[in-house]
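# Breakdown of the fold
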Amino acid sequence: QGQLVESGGGLVKAGDSLRLSCAASGRTFSSYNLGWFRQAPGKEREFVAHINWSGSSTDYADSVKGRFTISRDNAKNTVYLQMNSLKPEDTAVYYCAANLLGGRVAATWRYWGQGTAVTVSS
């Protein structure tokens with residue numbers, strides 16, 4: 001057992017900020033890498049960011065580096081994605097994921113949430 005549930009998505013304007021949350025239940029993911037991926041309609045699911053078990057190491061896609069920040073609170077079994085300076089091209093369904101190993105390939109991640117939609121208008 002183990003479930004991930006995202007929240008915090010919505011409709012915003014370019015330049016605005018959003019903070020996405022992903023809460024885990026059923027088990028602890030404190031020893032797992034946690035990540036965020038996104039998928040726009042008709043597009044492949046793409047890597048956004050991931051963070052290691054302790055929070056000491058992070059990785060970001062070039063498209064979001066400097067604008068997005070991933071963080072985690074193991075006491076709350078939760079991972080966050082702070083999204084600043086949002087652009088229309090950030091519009092997508094955002095998914096959180098958990099895996100023993102990190103990486104940028106979505107197909108290699110084991111546990112997934114249902115997604116939360118982010119729409120950025122110009």
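In the block above lies the structure referred to throughout.
Every chain is numbered on its own, with residues counted from 1 as its sequence reads. Totals for whole chains, interfaces and linings use all residues, but because this is a predicted model, local features are given only for residues with pLDDT of at least 70 and pairs of side-chain atoms are given and counted only at 80 or more. Hydrogens and water are ignored here; the side-chain numbers use all heavy atoms of the structure.

### Quick word on the overall build of the protein chain
Within the protein chain, the secondary structure is distributed over zero helices and 11 strands. Its helices and strands taken in sequence order, the protein chain reads β-β-β-β-β-β-β-β-β-β-β from the N to the C terminus. In terms of C-alpha radius of gyration, the protein chain reaches 13 Å, essentially the compact-globule figure of 14 Å for 122 residues. Taking the principal axes of the C-alpha coordinates as reference, the protein chain spans close to 40 × 30 × 25 Å. Counting all 122 residues of the protein chain, 42% fall into the buried class. Whether two residues are in contact is decided by their heavy atoms, any of which lying within 4.5 Å being enough. Counted over contacts in the protein chain with a minimum sequence separation of 6, partners at least 24 positions apart contribute 58%. Numbering of helices and strands starts at the N terminus; helices are DSSP runs of H or I of at least 4 residues and strands are runs of E of at least 2. Restricting the calculation to C-alpha atoms gives the radius of gyration, and the globule rule supplies 2.2 Å times the number of residues raised to the power 0.38. Note on exposure labels: buried denotes an accessible area under 20% of the residue type's maximum, exposed denotes more than 50%, and partly exposed covers the range between, all computed with a 1.4 Å probe on protein chains only.

### Quick look at the nonpolar core
Grouping buried Ala, Val, Leu, Ile, Met, Phe, Trp, Tyr and Cys residues that are joined through side-chain atoms within 4.5 Å yields what is termed a nonpolar core. Counting residues in each nonpolar core, the largest one holds 34 residues, and the members touching the most others are Trp36, Leu81 and Tyr94. Top contributing element to this core by residue count: strand β9 (residues 92–99), with five residues. Other than its neighbours up to four places away in sequence, Leu81 contacts Leu18, Arg19, Leu20, Trp36, Val48, Ala49, Phe68, Thr69, Ile70 and Tyr94.

### Some words on unusual backbone geometry
Across the chain, the bulk of peptide bonds are trans and the bulk of non-glycine residues have phi less than zero. Positive phi values are uncommon outside glycine, yet Asn77 reaches one of about 55 degrees. Looking at the element boundaries, Asn77 is found in the loop between β7 (68–73) and β8 (78–83).

### Topic: the sheet that holds strand β1 (residues 3–7)
With respect to topology, four strands assemble into an open sheet ordered β1-β3-β8-β7, the strand pairing being antiparallel. Whereas interior strands pair on both sides, the edge strands pair on one side only; in this sheet they are β1 and β7. On average, each strand axis in the sheet is tilted by 15 degrees relative to the strand beside it, whichever way the strands run. A pair of strands is labelled paired if DSSP reports no fewer than 2 bridges between them. Interaxial angles span 0 to 180 degrees and are taken between N-to-C directions of axes, which are lines fitted to C-alpha atoms, for helices over the stretch in contact.

This is a description of form; function is not addressed.
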